Amino acid sequence: MQGHFVSGRYTPITLLLLSLTVWGIGVFALPGTPITICGGVEPGAASPFLSNAVSLVCTVLCAFLLSPLHFSERRVHWLTALFLWIASLSLFTHTNVLWSLSAPIFMLLLRMLLVCRPEVRVEGLLFAAFATLGFASLLMPQFLLLLPLGMAYMSMMNVMSVKRIMAAILGLVTPLWLVYGTVYVYQPADVLLIPLNSGIDALMSISFAEPLPIRLLLTFADLAVLLPAAVLFAGSPVPGKPILRRRLEFLMLTCVWLMLLSWLYGNDFGLFYVWRLPAMAILASYILTLKVNKATNVYFIFINLLWLAVAAFSIWQI
């Protein structure tokens, strides 16, 4: 089964059709959820059709941003379709509009970071990436928790220097400087600071996630991808290019960091899960394409059963 999946000509089409089918099931399986933008703002209601439609559009946009990135010497033609399949089975995420809208922003940040390489002048790229992070933090302060990942990437890719650190810091503070300057000149514009001010208070108070069955299942499913990928990566020379290996190392670090944040900030457990879906799809594709034998075929069936279990357990809201 794994061999047919990896080399199959119709694998992407099959995954896309199955993903659309599951998304359609989600319209009837789960109700819409209230949209709370920030504290002090009345929540609005989203219908099941609207929330699933927004989720689908945002996930397709994430797949579009993911497709040009390379993580192996040979192109995996079904990577984006696999990402859509995993996202479609995460039914509980389809009803949360804010999670869905944040996913393309996270994917854009990830893509902007991954193009920063030692061979090019990265000061401008770093400024743009961290400026995007600053703007995203104004809308959703949880993005500030990604700052350590940005600094870690600079170190892993050997693009760390005083000049480049200053470019990153300048990019991060530029959106804050623009918004606070606008508020200083025009006081009614302080409404722009409501999401940031209310979100910072939440970030300062850690609330451990309750070990609900769906959360334990999600963590187990992610570890079932992350740990085998790390073991295979450590014992294999594939990929051989240093930049590709560093990218995979960074993705593993990203998954670990987001999993840790999920349990430290229980109210945002699903948000950080949505953010690590692209990395999980990439690591799963790495495992499935590295070797094709009896053991990996059993693993292929096992991991798909786990993802199907996530869809079944989604009747419990996270």
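Below or above, wherever it landed, is the structure these notes cover. (Residues numbered from 1 in each chain as written. Predicted model: local features only at pLDDT ≥ 70, side-chain atom pairs only at ≥ 80, totals over all residues. Heavy atoms only, no water.)

**Observations regarding the nonpolar core**
To keep things clear, this is the line we draw: In this description, a nonpolar core means a group of buried Ala, Val, Leu, Ile, Met, Phe, Trp, Tyr and Cys residues linked to one another through side-chain atoms lying within 4.5 Å. Each residue gets one of three labels from its accessible area relative to the maximum for its type: buried under 20%, exposed over 50%, partly exposed in between, using a 1.4 Å probe on protein chains only. Each helix corresponds to a stretch of at least 4 residues labelled H or I by DSSP, and each strand to a stretch of at least 2 residues labelled E; elements are numbered beginning at the N terminus. By definition in these notes, contact holds between two residues if any of their heavy atoms fall within 4.5 Å.
Core analysis: the largest hydrophobic core is formed by 96 residues, its most contacted members being L82, F143, L146, V225, W275 and W307. Here this core takes 16 residues from helix α12 (residues 269-290), the largest share from any one element. With sequence-adjacent residues up to four places away left out, L82 is seen in contact with F5, L15, A281, A284, S285 and W307. Among the nonpolar cores identified, the runner-up in size contains six residues, and L138, V179, V183 and A189 belong to it.

**What to know about the packing of aromatic side chains**
We count it as follows: For Phe, Tyr and Trp, rings pair up if their centres lie within 6.5 Å, where Trp contributes its six-membered ring, and each pair is then called stacked (planes under 30 degrees apart), edge-to-face (over 60) or tilted (otherwise).
As enumerated under the stated definition, the model contains 11 aromatic pairs in all. Ring geometry for Y153 and F250: centres 4.9 Å apart, planes at 70°, overall edge-to-face. Taken together, the residues Y153 in helix α7 (residues 147-156) and F250 in helix α11 (residues 242-264) connect sequence positions 97 residues apart. Of the two residues examined, Y153 and F250, each falls in the buried class. An aromatic cluster of at least three residues, connected via ring pairs, comprises F106, F143, F272 and W275.

**Quick notes on the state of the cysteines**
Put plainly, a disulfide is one covalent bond tying together the sulfur atoms of two cysteines. Here is the rule: Disulfides are defined in this document as cysteine sulfur pairs within 2.5 Å.
Per the stated rule, a full pass over the model turns up zero disulfides. Here C116 stays free of any disulfide, with the sulfur of C62 as its closest cysteine sulfur at 19 Å. Given a relative accessible area of 0%, C116 falls into the buried group. Looking at the unpaired C255, the closest cysteine sulfur is the one in C62, lying at 14 Å. Overall, C255 belongs to the buried group, its relative accessible area being 0%.

**Some thoughts on the packing of helix α3 (residues 48-66) against helix α5 (residues 97-114)**
Our working definition: Orientation is described by lines fitted to C-alpha atoms, with helices fitted over the stretch in contact, and by angles between N-to-C directions that extend from 0 to 180 degrees. Orientation categories follow fixed angle ranges, with anything under 35 degrees roughly parallel, anything over 145 roughly antiparallel, 65 to 115 roughly perpendicular, and all other angles oblique. Charged means Asp, Glu, Lys or Arg here, nonpolar means Ala, Val, Leu, Ile, Met, Phe, Trp, Tyr, Cys or Pro, and polar covers whatever is left, Gly included.
For the pair α3 and α5, interaxial distance at closest approach is 8 Å and the crossing angle is 5°. Judged by the inter-axis angle, α3 sits roughly parallel to α5. Between α3, through S51, V54, S55, C58, L61, C62, F64, L65 and L66, and α5, the contact on the second element is made entirely by V97, S100, L101, A103, P104, M107, L108 and R111. Here the contact of α3 with α5 is composed, by residue class, of 13 nonpolar, three polar and one charged.

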